[in-house]
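Here's the letter readout for the chains.
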Amino acid sequence: MTTPVYSPGLEGVIAGETAVSTVESGLNYRGYGVGELTEYCSFDEVAYLLLHGELPNAAQLQQFHARVAAARQLPAPLMGLFAALPQSTLPLDALRTAVSVLGHFDPEAADSSHDANLRKAERLLAQIPVAIAAHHRVVKGQPVVPARQDLGHAANFLYMLRGSEAAPADVKALDVSLTLYAEHEYNASTFAARVIVSTLSDLHSGVTGAIGALKGPLHGGANEKVMDILLAAGGPENAEVWVRSALARKERIMGFGHRVYKAGDVRAGILKKYARGAADTAGTQKWEEAADIIERVMAAEKNMYPNLDWPAGRLYHAMKLEIPLYTPIFAMARIAGWAAHVVEQLDNNRLIRPRGLYKGPAARNVVPLARRS
Ligand code: CMC
């Protein structure tokens, strides 16, 4: 047997092939740069692109929208479960549970063929925002707002959450963030989904596991921590002192650094102007000023640059969305990427089963219980 190559955290390891996206020379989805996608396309078009491989024409988009809009509903037992969960249940945990429950009710749950997986993916794309908004309103004791069939993914989510139509600028900003969050090749949650379905498990199991992986603050959970950090820093007056002392305490500044992008994340640059625009509208520019100061210190002291979560956390805060909703919003975008990878994995499957480098005791014999000291 050849000596296995070991890279802690699998850094730099090519773990599989993919045609869904690449982070080489800027992030692109199926060949299209994310900058152009945010400029010319809605998230709904991008979700179609990721799932079906090509951008839709007008008729394909209209049919896709009709299918997704028709699936914007939840089984009644799931609504009952939301009411039964402890009040303290985090929205992302409720979403993880919801996706697992939705698997029980999906008519094609056990069919993992290519076409059935795409149909299930479209249903999950439709149901995830409904589940986030419904759980949020149930916890608040507010009546659940039924989905609108005429609105796109971003607009319908804000409508279900707030019970009124959002301003076009809010819809556009959220839509851009969803496009940027939609896909990111072999990130931790997508890899988790691919590992799960490589055993010939099903899509709902893969997505449930992916949401669990997304939760952690080194991955999707970082966008919630970003606002915690800015609130702890307290504003522009104190930001420099705060970040320098946090670094001195060896704390991680969430929203900075990336396993792959060492010179900056193109997505952060794209979303920054939307975070700024939303802050101007909301009159909360002080968080943008504090963010600029922290960015300057992180570049000078750590040679470290913002990732997408840095502007996303600020954008959602300026839009007056509650902090525990930020990672679920990430999930309602990334479902497109997760499902595209699940389909790709199963189209050409091989069980993902790496090796561990053993560091335990040398081989030894069992001492029977009666003779153990
Ligand atoms: N703030 C301060 N120090 C940092 C940070 C940070 N954000 N990130 C890494 N470091 C330090 C780390 O402490 C370590 O220092 P030392 O060598 O002295 O122990 C060194 O940099 C290398 O850290 P690492 O964890 O080995 O590096 P990595 O390439 O595995 O890290 C990362 C990638 C994203 C986990 C890390 O940069 C991090 O924890 N960032 C904060 C969390 C975050 O923003 N996550 C979102 C990632 S992008 C969007 C997404 O996928 O959700």
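Just so you know, these numbers come straight off a predicted model, no measurement behind them. (Residues numbered from 1 in each chain as written. Predicted model: local features only at pLDDT ≥ 70, side-chain atom pairs only at ≥ 80, totals over all residues. Heavy atoms only, no water.)

K.L.:
Which residues make up helix H11 (residues 222-233), and what are the values?
P.N.:
In this model H11 runs 16 Å from its N-terminal to its C-terminal C-alpha over 12 residues, within 8% of the 16 Å that 1.5 Å per residue would give. Taken as a whole, H11 has its buried residues at Ala222, Asn223, Glu224, Val226, Met227, Ile229, Leu230 and Ala233. Buried residues along H11 sit against helix H8 (168-181), helix H12 (236-248), helix H14 (285-302), helix H15 (309-318) and helix H16 (326-347). Positive backbone phi, at 90 degrees, marks Gly234, one or two positions downstream of H11. (Helix = DSSP H or I, 4+ residues; strand = E, 2+ residues; numbered from the N terminus. Expected span 1.5 Å × (residues − 1). Buried < 20%, exposed > 50% of the residue type's maximum accessible area, 1.4 Å probe, protein only. Contact = heavy atoms within 4.5 Å.)

K.L.:
Explain the layout of surface pockets residue by residue, including any values.
P.N.:
If you roll a probe as big as a water molecule over the atoms, it shows you where there is empty space left. Considering only enclosed or pocket space, the second largest pocket measures out at about 720 Å³ in volume. Lining the second largest pocket are 27 residues, and of these Val13, Ile14, Ala15, Ile352 and Pro354 lie nearest its centre. Among the elements of the structure, helix H9 (188-197) and H16 are those that each provide at least two residues to the lining of the second largest pocket. The residue makeup of the lining of the second largest pocket, split by class, is 14 nonpolar, seven polar and six charged. (1 Å grid on protein atoms, 1.4 Å probe; cavity = no way out; pocket = protein on both sides within 12 Å on 5 of 7 lines; lining within 4 Å. Points joined across faces, edges and corners; volume = space filled by probe spheres on them. Nonpolar A, V, L, I, M, F, W, Y, C, P; charged D, E, K, R; others polar.)

K.L.:
Report on the packing of aromatic side chains, specifying residues and quantitative values.
P.N.:
The full count for this structure, using the stated rule, is five aromatic pairs. Between Tyr186 and Phe191 the ring centres are 6.1 Å apart and the planes differ by 40 degrees, which places this aromatic pair in the tilted class. Each member of the pair, Tyr186 as well as Phe191, carries the same accessibility label: buried. Positioned over the ring face of Tyr159 is Arg148, at 4.9 Å from the centre of the ring. (Phe/Tyr/Trp six-rings, centres within 6.5 Å; stacked < 30°, edge-to-face > 60°. Lys NZ or Arg CZ within 6 Å of the ring centre and 35° of its normal.)

K.L.:
Tell me what's going on with the UniProt feature "active site" (unreviewed entry) in the protein, and back it up with residues and numbers.
P.N.:
Cross-referencing UniProt, the feature "active site" (unreviewed entry) maps to His258 and Asp309 in the present numbering. In summary, the annotated positions, though distributed over 52 residues, converge in three dimensions, the widest C-alpha pair being only 10.7 Å. In this structure His258 touches His184, Arg267 and Asn307, once residues within four positions along its chain are discounted. A polar atom in the side chain of His258 sits 2.9 Å from the backbone nitrogen of Val260. Secondary-structure assignment places Asp309 in helix H15. (UniProt positions renumbered as here; feature names shortened; annotations may be inferred. Polar contact = N/O pair within 3.5 Å; in protein donor to acceptor, adjacent residues only side chain to side chain.)

K.L.:
Could you give me a rundown of the sheet that holds strand E2 (residues 28-29), with the residues and numbers involved?
P.N.:
Across the sheet, three strands lie side by side as E1-E2-E3; this open sheet has antiparallel pairing. Of all strands in the sheet, those with a lone pairing partner are strand E1 (21-22) and strand E3 (32-33), marking the two edges. In the sheet, E2 pairs with E3 via two bridges, with the strands oriented antiparallel. Residue pairing for E3: Tyr29 is matched across the bridge by Tyr32. (Pairing = 2+ DSSP bridges.)

K.L.:
Give me the site of the ligand: which residues, what numbers.
P.N.:
Close to the ligand lie 21 residues, the nearest being His219, Arg252, Ile253, Gly255 and Phe256. Gly255 is positioned with one of its backbone polar atoms (N or O) 2.8 Å from an oxygen atom of the ligand. One of the side-chain nitrogen or oxygen atoms of Lys262 is found 2.9 Å away from an oxygen atom of the ligand. Protein contact buries 70% of the 930 Å² of open area that the ligand shows by itself. For the shell around the ligand, a count of residues per class yields nine nonpolar, six polar and six charged. (Near = heavy atom within 4 Å. Areas by Shrake-Rupley, 256 points an atom, 1.4 Å probe, with all protein chains shown as cover.)

K.L.:
Go over the nonpolar core, please, and point to the residues and values.
P.N.:
The nonpolar side chains of a soluble globular protein tend to be buried, and buried together. With 115 residues, the main nonpolar core has Ile253, Ile294 and Tyr316 as its most contacted residues. With 14 residues, the single largest contributor to this core is H16. Split by domain, the residues of this core number at least three in each of domain 1 (22-166 + 182-215 + 333-347) and domain 2 (222-318). Ignoring sequence-local partners within four residues, the contact set of Tyr316 consists of Leu174, Ser177, Tyr181, Asn223, Leu321, Tyr326 and Ile329. (Core = buried A, V, L, I, M, F, W, Y, C linked by side-chain atoms within 4.5 Å. Domains from an automatic or database assignment.)

K.L.:
Describe the pattern of salt bridges, and please don't skip the residues or the numbers.
P.N.:
Applying the stated criterion across every chain, the model contains 21 salt bridges. Glu344 serves as the salt-bridge partner of Arg194, at 2.7 Å between the closest nitrogen and oxygen. In this pair, Arg194 sits in helix H9 while Glu344 sits in helix H16, placing the two residues 150 residues apart along the sequence. Taken individually, Arg194 and Glu344 each receive the classification buried, so the pair is uniform in this respect. Between Lys272 and Asp292 there is a salt bridge; the shortest N-O distance is 3.5 Å. Here Asp292 lies in helix H14 and Lys272 lies in helix H13 (residues 266-282), a separation of 20 residues in the sequence. Assessed through its relative accessible area of 30%, Asp292 is described here as partly exposed. Residues joined by salt bridges that share partners form a network here, namely Lys272, Arg276, Glu288, Asp292, Glu295 and Arg314. (Salt bridge = Lys/Arg side-chain N within 4 Å of Asp/Glu carboxyl O.)

K.L.:
Explain the packing of helix H2 (residues 43-52) against H16 residue by residue, including any values.
P.N.:
For any two helices packed against each other, one specifies the crossing angle of their axes together with the interaxial distance. It is at 8 Å that the axes of H2 and H16 come closest, and there the two elements cross at 15 degrees. Relative to H16, the element H2 lies roughly parallel. Seen from above, H2 lies across H16 with left-handed handedness. Of the residues in H16, those touching H2 at Phe43, Ala47, Leu50 and Leu51 are Met332, Ala333, Ala336, Gly337, Ala339 and Ala340. Taken together, the residues that form the contact of H2 with H16 break down as nine nonpolar, one polar and no charged. (Axes fitted to C-alpha atoms, helices over the stretch in contact; angles between N-to-C directions. Parallel < 35°, antiparallel > 145°, perpendicular 65-115°, else oblique. Left-handed = near helix turned anticlockwise from the far one by under 90°.)

K.L.:
So what about the domain arrangement of the protein? Which residues, and what values?
P.N.:
Structurally, the protein comprises domain 1 (22-166 + 182-215 + 333-347) and domain 2 (222-318). Computed over C-alpha atoms, the centres of domain 1 and domain 2 are 27 Å apart. Approximately 550 Å² of surface area, both sides summed, lies buried where domain 1 meets domain 2, with 67% of it carried by carbon and sulfur atoms. Broken down residue by residue, the surface that domain 1 buries against domain 2 is led by Val23, Leu27 and His184, which jointly contribute 56%. Linking domain 1 with domain 2 are zero salt bridges. Joining domain 1 to domain 2, the criterion identifies two residue pairs in polar contact (both at pLDDT 80 or more). Among the elements that line the side of domain 1 that touches domain 2, the one with the most residues is helix H1 (residues 34-40), at three residues. (Buried area = accessible area lost by both parts, 1.4 Å probe.)

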